[in-house]
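# Architecture at a glance
Here is how the chains run, residue by residue.
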Amino acid sequence: MTRSQISRRHVLWMGGGAALLAALPGYGQSIPQPVFSDYPFQLGIASGEPSADGFVIWTRLAPQPLEQGHGMPAAVVPVQWQVAEDESFRTVVQTGEALARPELGHSVHVEVAGLQPGRPYFYRFTAGRERSMMGRARTLPAPGADVQSVRFAVGGCQHYEQGLYTAWRHAAAEDVDFVFCYGDYIYEGRSQRMRTVSGWPVVSVRQHPGQEVYSLEDYRQRYAIYKMDPDLQGAHAAAAWFPVWDDHEIDNNWVSDLDQDGTPPEVFRLRKRAAMQAFYENMPLRSTSFPNGPSMSLYRRASFGNLLDMNFLDTRQYRTDQPCNDRWRVECADLSNPKADVLGAAQEAWLMEGLTSSRARWKAMAQQVMMMDLDREPGETYAANLDSWGGYRAPRERLLRGLTDQRIKDTVILTGDEHQNYAGNVHLDGQNPGKIPITSEFVATSISSGGDGADMRPDMPEVVAVNPELRFNNAQRGYLVCQVTPDLWKTHFRVIDQISTPGGSVSTRATYALEHGKPGLVEA
Ligand SMILES: [Fe+2]
């Protein structure tokens, strides 16, 4: 393409089929102001992947978020950004221009570097005459620094139709250093005006349009609906996120190249390719996570000085098929398949190497599916959740034996997926726990999936009674706040009274703690 052809494609845009106004100067030169048919920052802003000297800042231009093409021209559009030391942007420390490209849904991922460690910064974007809201992000402490406290939130599973994002509204006010999102940021299914819960009809709190999503444009529109929620935008603006996916970013209970419907792997890979591109476009990820066809590198580590190592894991992409045809609560020989994998060889080796060499006081595994070996159906036989580590005995045992054999202590597992809160200790055999737990696990409930929820589900007392490693179970909506200090890890289970109407209130339902050097949860 010649320079003049490129120039002609850099045009001003009115949106909605309006006329192109003028040609812009050549590529790389200063470009006049684009004009948009509506506010272009309706999907909000975000920051993520903080390091000791920077973080990613993100936005996606979409003046017509739900339209095909999101109200943008098939052209590159410049976006200016600023990072400041103060909320009023009096001390701007960095500025730049990024290009929002149509190939990437007009998303912008700027990897800001050269900042000071362990302090908050503020950022915002400008496109044409339009300015975004402001976001806040904190850089990580300097490597090896003596860190006395880290405070972070854990949230995910935010089905749009099943409830409001009141939990994010409250999480945004928690003054956390970062957010770990364990996935199910979107749900891929068709719109449902009603559903049935325990045999009762429930009307959806709100609806998104459309069928189940398959194409890149479908996924883009689904993200747009979710991201237009102001409470979710507020949670992104309040702190940097480390997002990972679970299953619904692509398809329910997918693993590797397999979906639940028996779709040929080569066909499912086309869907994965679209879903993964949309995930990248809508998350504040680094270029190291740039999608490569139907795969994407998502496991990574963040260190908070000498206090905490966070290992963010991907338990979907490299996993072998669920055993026993992924039926709920059955037992079959497949559970003990020695060739089964959850993390895959490369990620598992990376994790064990990182845990073994870590000098941090606390080492967290931030991931998706439950590690505790719970009997889900009290009765004569044991029944596992086959989509969790409980359905993968061999890799589960390999990981836990690795922690024991390598004397890796003071580990914490953070989990989502279940749409319930759990706190418990992890043993090789949950039904016959040893004297000393190998590690402990906090399972965060959901932001909205499952609707209002309840303090106790009818089967909970029995489930608690037959699972000696379990300390706490609750089925309200909410998020976790983890307060980590050198001697104590505290996890607060923050729950919302209801999410079906605006204004739900937050409270701490329970707090469980770990004392450094003393395995096993204590109620705090
Ligand atoms: Fe979920």
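Fair warning: this is a prediction, and the values are worked out from it, not measured in the lab. (Residues numbered from 1 in each chain as written. Predicted model: local features only at pLDDT ≥ 70, side-chain atom pairs only at ≥ 80, totals over all residues. Heavy atoms only, no water.)

## Notes on the layout of surface pockets
Summary: where empty space remains is shown by rolling a probe the size of a single water molecule over the atoms. In this model, the largest pocket occupies a volume close to 1300 Å³. Lining of the largest pocket is provided by 49 residues; of these, E418, H419, S449, G450 and R457 occupy positions nearest its centre. When contributions to the lining of the largest pocket are tallied by element, the ones reaching two or more residues are β11 (194-197), β12 (200-203), β20 (453-454), α8 (460-466) and β21 (470-484). Considering only residue class, the lining of the largest pocket consists of 14 nonpolar, 19 polar and 16 charged. Empty space within the second largest pocket amounts to approximately 410 Å³. Residue lining of the second largest pocket: 26 residues in total, with I436, P437, I438, T439 and P519 positioned closest to the centre. Among the elements of the structure, α7 (393-405), β19 (439-443), β23 (506-515) and β24 (518-523) are those that each provide at least two residues to the lining of the second largest pocket. It is β24 that contributes the most residues to the lining of the second largest pocket, 3 residues altogether. Along the lines of polarity and charge, the residues of the lining of the second largest pocket split into 10 nonpolar, 9 polar and 7 charged. (1 Å grid on protein atoms, 1.4 Å probe; cavity = no way out; pocket = protein on both sides within 12 Å on 5 of 7 lines; lining within 4 Å. Points joined across faces, edges and corners; volume = space filled by probe spheres on them. Helix = DSSP H or I, 4+ residues; strand = E, 2+ residues; numbered from the N terminus. Nonpolar A, V, L, I, M, F, W, Y, C, P; charged D, E, K, R; others polar.)

## Considering the domain arrangement of the protein chain
Reports of interface size often rely on the accessible area that becomes lost once the parts have come together. Per the domain assignment, the segments making up the protein chain are domain 1 (3-138) and domain 2 (154-484). For domain 1 and domain 2, the distance between their C-alpha centres works out to 31 Å. Each partner contributes to the interface: domain 1 provides 35 residues, whereas domain 2 provides 30 residues. Interface area for domain 1 against domain 2, summed over the two sides, is near 2700 Å², with a carbon-plus-sulfur share of 51%. For the domain 1 face of the interface with domain 2, the top three residues by lost area are E49, L66 and R136, together amounting to 24%. In this structure, the connection of domain 1 to domain 2 is made through 3 salt bridges. Of the charged contacts, one joins R300 and E49 as a salt bridge, the two residues approaching to 2.7 Å between their closest N and O atoms. Linking domain 1 with domain 2 are 18 residue pairs in polar contact (both at pLDDT 80 or more). Among the elements of the structure, β1 (45-51), β2 (54-60), β5 (107-112) and β8 (135-138) are those that each provide at least two residues to the side of domain 1 that touches domain 2. (Domains from an automatic or database assignment. Contact = heavy atoms within 4.5 Å. Buried area = accessible area lost by both parts, 1.4 Å probe. Salt bridge = Lys/Arg side-chain N within 4 Å of Asp/Glu carboxyl O. Polar contact = N/O pair within 3.5 Å; in protein donor to acceptor, adjacent residues only side chain to side chain.)

## Here we look at the coordination of the iron ion
Within the protein, C157 (SG), D184 (OD), Y187 (OH) and H419 (NE2) serve as the donor atoms for the iron ion, at 2.1 to 2.5 Å. Each of the 4 donor atoms bound to the iron ion contributes to angles spanning 87 to 168°, and the resulting shape is irregular. The sequence motif formed by the donor residues of the iron ion is C-x26-D-x2-Y-x231-H. (Donors = N, O, S within 2.8 Å, 3.2 Å for Na, K, Ca; no water. Tetrahedral: all angles 85-135°; square planar, octahedral: opposite > 155°, others 65-115°.)

## Some details on helix α4 (residues 230-238)
Spacing of three or four residues puts side chains on the same side of an α-helix, whose turn is 3.6 residues. Residues of α4 that are buried include every one of D231, L232, Q233, A235, H236 and A237, and no others. Packed against the buried residues of α4 are β1, β6 (120-127), β8, α2 (166-171), α3 (216-227) and β13 (240-243). Residue D229 occupies the N-cap position of α4, its side-chain oxygen lying 2.7 Å from the main-chain nitrogen of D231. (Buried < 20%, exposed > 50% of the residue type's maximum accessible area, 1.4 Å probe, protein only.)

## Thoughts on the confidence of the model for the protein chain
Of all residues in the protein chain, 93% have pLDDT values of 70 or greater, and the mean over the chain is 92. This model gives residues 1-31 a pLDDT under 50, and the stretch forms 50 contacts once residues within four places in sequence are excluded. (pLDDT = per-residue confidence, 0-100.)

## Examining the side chain of D247
By secondary structure assignment, the location of D247 is in the loop between β13 and α5 (265-282). Here D247 occupies a buried position and makes no salt bridge, while the nearest side chain of opposite charge, R316, is found at 4.0 Å. When neighbours within four sequence positions are excluded, D247 is seen to be in contact with D184, N252, N253, W254 and R316. (Lys, Arg positive; Asp, Glu negative; His and termini not counted.)

## Points about the packing of α3 against α5
The N-to-C vectors of α3 and α5 enclose an angle of 35°; their axes lie 8 Å apart at closest approach. In the packing of α3 onto α5, the handedness of the crossing is right-handed. Counted together, L216, Y219, R220, Y223 and K227 of α3 and R271, A274, A275, Q277, A278, F279, E281 and N282 of α5 form the full contact between these two elements. (Axes fitted to C-alpha atoms, helices over the stretch in contact; angles between N-to-C directions. Left-handed = near helix turned anticlockwise from the far one by under 90°.)

## Some words on the environment of R206
When you line up the elements, R206 lands in the loop between β12 and α3. Residue contacts for R206: discarding those within four places in its chain leaves Y160, E161, G163, L164, Y165 and D229. Here the side chain of R206 touches D229 through a polar contact of 2.8 Å, side chain to side chain.

## Observations concerning the packing of aromatic side chains
Applying the stated criterion across every chain yields a total of 26 aromatic pairs. Relative to F312, the ring of F180 lies with its centre 5.7 Å away and its plane at 45°, an arrangement referred to as tilted. Note that F180 is positioned in strand β10 (residues 178-181) and F312 in strand β15 (residues 308-312), a separation of 132 residues in sequence. Exposure remark for F180: the relative accessible area of 0% places this residue in the buried category. Considering the side-chain rings of W245 and W254, the 6.0 Å spacing of their centres and the 75° angle between planes classify their relative orientation as edge-to-face. Note on accessibility: W245 and W254 belong to one class, buried. Taken together through their ring pairs, the aromatic side chains of F152, F178, F180, Y182, F242, F304, F312, W362 and W489 make up a single cluster. Sitting over the ring of F89, R124 keeps its end group 3.8 Å from the ring centre. R301 extends its terminal NZ or CZ atom over the ring of W350, reaching a point 4.2 Å from the ring centre. (Phe/Tyr/Trp six-rings, centres within 6.5 Å; stacked < 30°, edge-to-face > 60°. Lys NZ or Arg CZ within 6 Å of the ring centre and 35° of its normal.)

## Let's talk about α7
Taking 1.5 Å per residue as the helical rise, α7 with its 13 residues ought to reach 18 Å, and the 18 Å between its terminal C-alpha atoms agrees with that figure. Within α7 the residues assigned to the buried category are A394, P395, R396, L399, L400, G402 and L403. Looking at the buried side of α7, the elements it contacts are α6 (345-357), β16 (362-366), β17 (411-415), β18 (421-426) and β19. (Expected span 1.5 Å × (residues − 1).)

## Regarding the nonpolar core
Core analysis: the largest hydrophobic core is formed by 76 residues, its most contacted members being F152, L308, M310, L414, F442 and W489. Filtering out sequence-adjacent residues up to four positions away, L414 remains in contact with F152, V154, F180, M310, A364, M365, A366, Q367, F442, C482 and W489. (Core = buried A, V, L, I, M, F, W, Y, C linked by side-chain atoms within 4.5 Å.)

## Some details on the state of the cysteines
Applying the stated rule across the entire model yields 1 disulfide. Two residues share a disulfide in this structure: C324 and C332, whose sulfurs sit 1.7 Å from each other. With the S-S bond torsion at -85°, the cross-link from C324 to C332 turns out left-handed. A relative accessible area of 4% places C324 in the buried class. The structure places no disulfide on C482, whose sulfur is separated from the nearest cysteine sulfur, that of C181, by 14 Å. (Disulfide = S-S within 2.5 Å.)

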